[in-house]
Amino acid sequence: MIGELRVSRADTSSSISCSSTEVSSSNVSLQPKRCISYMTMQTLHDMRLSETLCDASIVLPENGHEFRVHRVIVGSCSEYFRILFTTSVPSEKYQLEIPGIPSSVMEQIIRYAYLRECDLTEDTVYDVYAAADFLLMNSLTEHCAVYILDRLRVDNCVTIMLFGRQRASKTLHDSAKMFILKNFPSLAQTATHENELLQLEVDDICQLLADDLLNVREEDTVWEFVLRWIDHDPSKRSKHIYRLMKTVRFGLLNTEYFLDKVKENQYVLASDETKPLVIEALTFLYDLEMISTKAMKEMKTPAMATPRLPHEVIFTVGGWGEGQSQSIIESYDTRADRWIKVPSEDPAGPRAYYGAAYIGRYLYFVGGYDGVEHFNTCRRFDMVSKDWQEIAPMHCKRCYVSVVALDGMIYAMGGYNGSNRHNSVERYDPRTNQWTLIAPMGSLRSDADACTLNGMIYIAGGFNGHECLNTAEMYDPQTNSWSPLPPMLHRRSGVSCTALGGSVYVVGGFNGLIRLNSCERYDLATRRWIACKEMYHQRSNFGLEVIDDMLFAIGGYDGVSAIAYVECYSPDANEWLEATDLSMMRSAFRAVTVSGLPNIHDYVHSNKENLINEMNEHRHGNVRSSTGVASASASDVEDELD
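The paragraphs below set out a description of the structure included in this document. Remember, predicted model here, so these are calculated numbers, not experimental data.

## Looking at helix α14 (residues 255-263)
Okay, step 1: Regarding α14, the residues found buried are Thr255, Tyr257, Phe258 and Val262. Buried residues of α14, seen end-on, are gathered within an arc of 145° and therefore sit on one face of the element.
Okay, step 2: The opening residue of α14, the one whose side-chain oxygen lies 3.2 Å from the backbone nitrogen of glutamate 256, is asparagine 254.

This is the structure we're talking about:
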């Protein structure tokens, strides 16, 4: 099959269309790819339009429209045409009738056969796909599938999933279904007249709601959608209440909500079939309260209380703890509220005070310090294969470096080389494995932090060798320039920074006297810093990331020792909540939220059956105190100010 032509029309003389025929690796160096120039293909297409040397016709019987074609061109792209042109009786080899395909679609089909391009719109792409599928033009169906998935949105994802099922396209169906699962909270709240989910049949609804990958932070979202789906046509749908209730994990609801919103619901009360489900859920919820008060020793986690799988996980790697740099890797399963140790430590050794970011399936670790050496080396962790690889070193040694990923590039800003602070900035291109120096910042900064928002890079705080900073700057990649921002409300070194809800949040840090638990956010519209609710724990040099529209502050240094405490902040409620601690007390690491991993199961809590017992043990057994806390090392005491 001739491969697709993906070229610009700007220079047709040098553009080429390459064959996608696979060549064995042993012959690659001996047999160069054979290509057809775009100009040649355009000439053949012009010959078709002028009916020059055409030797067959494709006729649409509905309107008698006739397309003159060259059999060898059309047959090379379509197995359907190739079979008809080579096996039909002689009288049928030169004129084929193809019913059911509109003229405009057939024109695009033939155009693609000659030029490997066609004019698609969201209105026509489904008809072109269906026709290409019927005509066995696999390369065109793939072309259409890419076009469709590039435009996958909340308002068309259900249509695409159903279309993929109809056309037996696993790519379309599975991609659209995963989009629905991931964006279910938004879909569930869409206005009724625009909500395609409400049009689905009960089998589809049950399949989606029962899926472990349904992306809901609270299970009441699922129950409320069930009621909304029934309310859309209660006379026909209320009879399905039992099947729908089987998909809801009632053990994840609180008892008061279940009694008020589920047990007393009109559809539940009207069905005798649902009574065993109600009794089972109430029994579990009451038992859960008993184990919470130590009246019961342990209980297994039933299916109705098994957390769903997250679409995102937080990675933390290495850092400083127990008086030395560490190599430990942990991932955080937000649905189970559990940290999981990942047995894939870097064979090159531990590092702390580094910068980190991710692109695709790779986690990048930039610079850092191991207690002896300040690094310019960089490492890359493949989260799918779990392999480590050395990448190109930076131009400068940098620990306390600020790192972000933006548009497929890694940016490393500022830092400390053991003697001097930097204001220099480097950009890494994974495609070329090269670092390039770009415009420097306006200030020397080590121990600052940075984030991206709306295509810009924001960096805040840090230490310049003399004082902790309250300054902040913004970098525009388009102009390769830095602009100053209004000063923060507090000086912050060892600060953490991230973007959430259109604002830049800076949290914690060290002001030169004490570790901070204060937080503030930068409002882009008003160009003002606004104070937020304080954390429960003072901390610097800690991980800060976003999951489920919440900030997670992880570990760090409180002025006495490294800590393992984790807490999360909800901007809507403006409050901090406690989460499960890290497995060890450590600071000087970065946290990175990663989404879309195909092997997400490798990084989430696996012992679901014992989850309730683990949570209960944590609740009653892990009393937070200073007893047993590792003493601060020299590096901890000196922290970011050396």
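## What to know about the sheet that holds strand β16 (residues 434-438)
Okay, step 1: An order of β13-β14-β15-β16 is seen for the four strands of this open sheet, with the pairing classed as antiparallel. Every interior strand has two partners, whereas the edge strands, β13 (402-406) and β16, have only one. Neighbouring strand axes in the sheet, compared pairwise and without regard to direction, differ in orientation by 25° on average.
Okay, step 2: In this structure, strand β14 (residues 409-413) lies alongside strand β15 (residues 425-429), joined through four bridges in antiparallel fashion.

## Re the environment of leucine 227
Okay, step 1: Within the secondary structure, leucine 227 is located in helix α11 (residues 220-231).
Okay, step 2: Under the relative-accessibility criterion, leucine 227 is labelled buried at 15%.
Okay, step 3: Here the alpha-carbon distance between leucine 227 and tyrosine 267, two residues 40 residues apart in the chain, equals 8.6 Å.
Okay, step 4: Ignoring sequence-local partners within four residues, the contact set of leucine 227 consists of Asn265 and Tyr267.

## Quick notes on helix α4 (residues 103-115)
Okay, step 1: Between its terminal C-alpha atoms α4 stretches 18 Å, which fits the 18 Å expected from 13 residues at 1.5 Å a residue.
Okay, step 2: Burial analysis of α4 places 11 of its 13 residues in the buried class, the great majority of the element.
Okay, step 3: When α4 is considered as a whole, its buried residues turn out to be Ser103, Val105, Met106, Gln108, Ile109, Ile110, Arg111, Tyr112, Ala113, Tyr114 and Leu115.
Okay, step 4: At its buried positions, α4 is contacted by α1 (38-49), β3 (56-60), β4 (65-69), α2 (71-77), α5 (125-134) and α6 (138-150).
Okay, step 5: Just past α4, the residue arginine 116 takes up positive phi, approximately 55°.

## Looking at the side chain of serine 331
Okay, step 1: As for its placement among the helices and strands, serine 331 is situated in strand β7 (residues 324-333).
Okay, step 2: The exposure class of serine 331 is buried, given its relative accessible area of 0%.
Okay, step 3: Polar contacts involving the side chain of serine 331 include one to the main-chain carbonyl oxygen of tyrosine 603, which spans 2.9 Å.
Okay, step 4: Filtering out sequence-adjacent residues up to four positions away, serine 331 remains in contact with Ile314, Phe315, Arg338, Trp339, Ile340, Val342 and Tyr603.

## Examining the environment of arginine 539
Okay, step 1: Relative to the helices and strands, arginine 539 is located in the loop between β24 (528-532) and β25 (543-547).
Okay, step 2: For the pair arginine 539 and alanine 562, spaced 23 residues apart in the sequence, the C-alpha separation amounts to 8.9 Å.
Okay, step 3: Residues within four places of arginine 539 in sequence aside, it is in contact with Gly508, Gly509, Arg515, Leu516, Ala553, Ile554, Gly555, Tyr557, Ile563, Tyr565 and Glu567.
Okay, step 4: A distance of 2.8 Å separates a polar atom in the side chain of arginine 539 from the backbone oxygen of tyrosine 565.

## Observations concerning unusual backbone geometry
Okay, step 1: The backbone phi angle of leucine 136 is positive, close to 60°, even though this residue is not glycine.
Okay, step 2: Judged by its relative accessible area of 35%, leucine 136 is partly exposed.
Okay, step 3: We note that asparagine 433 has phi near 55°; this positive angle belongs to a residue other than glycine.
Okay, step 4: Mapped onto the elements, asparagine 433 comes out in the loop between β15 and β16.
Okay, step 5: Since its relative accessible area comes to 34%, asparagine 433 is described here as partly exposed.

Conventions we followed
- Residues numbered from 1 in each chain as written.
- Predicted model: local features only at pLDDT ≥ 70, side-chain atom pairs only at ≥ 80, totals over all residues.
- Heavy atoms only, no water.
- Buried < 20%, exposed > 50% of the residue type's maximum accessible area, 1.4 Å probe, protein only.
- Helix = DSSP H or I, 4+ residues; strand = E, 2+ residues; numbered from the N terminus.
- Arc of directions from axis to C-beta.
- Polar contact = N/O pair within 3.5 Å; in protein donor to acceptor, adjacent residues only side chain to side chain.
- Pairing = 2+ DSSP bridges.
- Axes fitted to C-alpha atoms, helices over the stretch in contact; angles between N-to-C directions.
- Contact = heavy atoms within 4.5 Å.
- Expected span 1.5 Å × (residues − 1).

Purely spatial values, then, with no claim about function.
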